[in-house]
Amino acid sequence: MEPAKRLKRLPTQFFAQLIQRAEQLKHAGYDVINLGQGNPDQPAPDFVIKKLQQAAENPFYHRYISFKGLPALKQAVADWYRRHYDVQLNSEKEIAILIGSKIGLQEISLALLNPGDKALVPDPGYPDYWSGIQLAGAEMKKWPLHPQTGYPDPDLLTTDMRLAFLNYPNNPTGKLASKELFDAVITKAMETGTILAHDLAYGDIVFDGKRAQSLLARPGGKAVGIEFTTISKSFNMAGFRLGFAAGHAEVIQYLETLQDHLHCSQYGAIQEAAITALTDSEEFVRTLRSLYQSRRDAFLEALPRSYRPPATEGSIFQWMALPQGFPSSLDFAQGLAEAVHVIVAPGVGFGEGGEGYIRISLTESENRLKEAARRLTAFMDKVR
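Note that the structure is a prediction, hence the values are computed from the model and not measured.

A.B. asks: Report on the packing of aromatic side chains, specifying residues and quantitative values.
C.D. replies: On inspection of all chains with the given rule, the structure shows 13 aromatic pairs. Where Phe-60 meets Tyr-61, the ring centres are 5.4 Å apart and the plane angle is 70°; that geometry is what we call edge-to-face. Taken together, the ring pairs connect Trp-80, Tyr-81 and Tyr-85 into an aromatic cluster. A cation over a ring is seen here: Arg-359 above Phe-317, with NZ or CZ 3.7 Å from the ring centre.

This is the structure in structure tokens:
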């Protein structure tokens, strides 16, 4: 039996293969350090869990609720944007509730792109942008990130580009965007009629006193695009599967129309828990941010200076160049797993621009990250 052609168009999942190998090594008795996934290892806040438990007892949430989500959650998202970025949003018309931002980042292509339309994706960049474009039957165009700045060239936004993805703090590079970058991209989007989709999944996880930028906070940002956020990383709630899209009212309407046909909204008790997280977790987020910065520093300090990459500015990842003479990131990641049982993500899994790099997740304790750095150093010494 043959699958639909759209399934055959989907990109290869490098990461699923690596995680499967990690499980095989664990079952074989090896001490595996898995730094290949962006899967938070800490629990969600206690007070959020208590709210979830309380809401789960409410029989109202045992039935279908509005497909568009709880109005109170949309208002909580609007309030969060106002506090964090001084952005004013109409909670009814300019916010959509998603079953995880990953779904929204694919649905935006399904909602906007026709077969043959073109969309720009960061290279390197998050592979799920590719998936939605391919499912829509559209044409994906690379938007290369400069190796030093981590920025794309705004001039590649042309009139034949229907949609363009941005992601800062960036996965996988860990770079932050400047206001000037957003302003330049917004200007080009206005000139070309391109719709911008900004992935702000790691907006709360920034280091060294820096701040992430919101597309919607820049002049004209809301007029040309939407922004995706999530409770997954900021509150250690990845398994809850809840995210948000905010911005251009028409695009939000398109997303909600699509979701009316695909989903029945996320469980109401989870939405209640998210309201609590967005409203009462400022101290929790500050502590979490400090934890990841300490982990980043511990990992980098455990590496010899000759191997130490520039420190990540944000996200829960560290981007690292391979030793000279070892250009294949997939071969490197596989060799590292087999030789010293450390799992990392090969840069090529994020596009051709990621070749020659690996992505290291900071979702292990400081001691485990130091041990991973020791094993990584031994492996690199051997393959140089």
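Right, picking up where we left off after that structure.
A.B. asks: Tell me about the pairing of strand E8 (residues 243–247), and please be specific about residues and values.
C.D. replies: Within E8, five of the five residues are buried, leaving the element largely enclosed by the surrounding structure. In E8, alternate side chains face the same way, and those of Gly-243, Ala-245 and Gly-247 on one face and Phe-244 and Ala-246 on the other are all buried. As paired strands, strand E2 (residues 95–98) and E8 are joined by four bridges and run antiparallel to one another. Within E8, the position partnered with Ala-96 by the bridge is Ala-245. Pairing of strand E7 (residues 225–230) with E8, which is carried by five bridges, proceeds in the antiparallel orientation. The residue bridging Phe-228 from the neighbouring strand is Ala-245, located in E8.

A.B. asks: Run through the sheet that holds strand E9 (residues 317–321), naming residues and quoting values.
C.D. replies: With respect to topology, three strands assemble into an open sheet ordered E9-E12-E11, the strand pairing being antiparallel. Edge positions in the sheet fall to E9 and strand E11 (345–346), since each of these pairs with one other strand and no more. With two bridges connecting them, E11 and strand E12 (residues 357–361) associate as antiparallel partners. By the bridge assignment, Pro-346 is partnered in E12 with Ile-358.

A.B. asks: Before we move on, can you summarise the sheet that holds strand E6 (residues 195–199) with the specific residues and values?
C.D. replies: Backbone hydrogen bonds are what pair the strands of a sheet, in a parallel or an antiparallel way. Here we have seven strands laid out as an open sheet, ordered E2-E8-E7-E6-E5-E3-E4, and mixed in their pairing. If you trace the sheet from one side to the other, it starts and ends with E2 and strand E4 (139–144), each paired once. With strand direction ignored, the average angle separating the axes of adjacent strands in the sheet is 20°. In the packing of helix H4 (residues 71–85) onto the sheet, the strands contacted are E2, E7 and E8, and the crossing angle to E2 comes to about 115°.

Rules used throughout
Residues numbered from 1 in each chain as written. Predicted model: local features only at pLDDT ≥ 70, side-chain atom pairs only at ≥ 80, totals over all residues. Heavy atoms only, no water. Phe/Tyr/Trp six-rings, centres within 6.5 Å; stacked < 30°, edge-to-face > 60°. Lys NZ or Arg CZ within 6 Å of the ring centre and 35° of its normal. Buried < 20%, exposed > 50% of the residue type's maximum accessible area, 1.4 Å probe, protein only. Helix = DSSP H or I, 4+ residues; strand = E, 2+ residues; numbered from the N terminus. Pairing = 2+ DSSP bridges. Axes fitted to C-alpha atoms, helices over the stretch in contact; angles between N-to-C directions. Contact = heavy atoms within 4.5 Å.

Just geometry here; none of it tells us what the structure is for.
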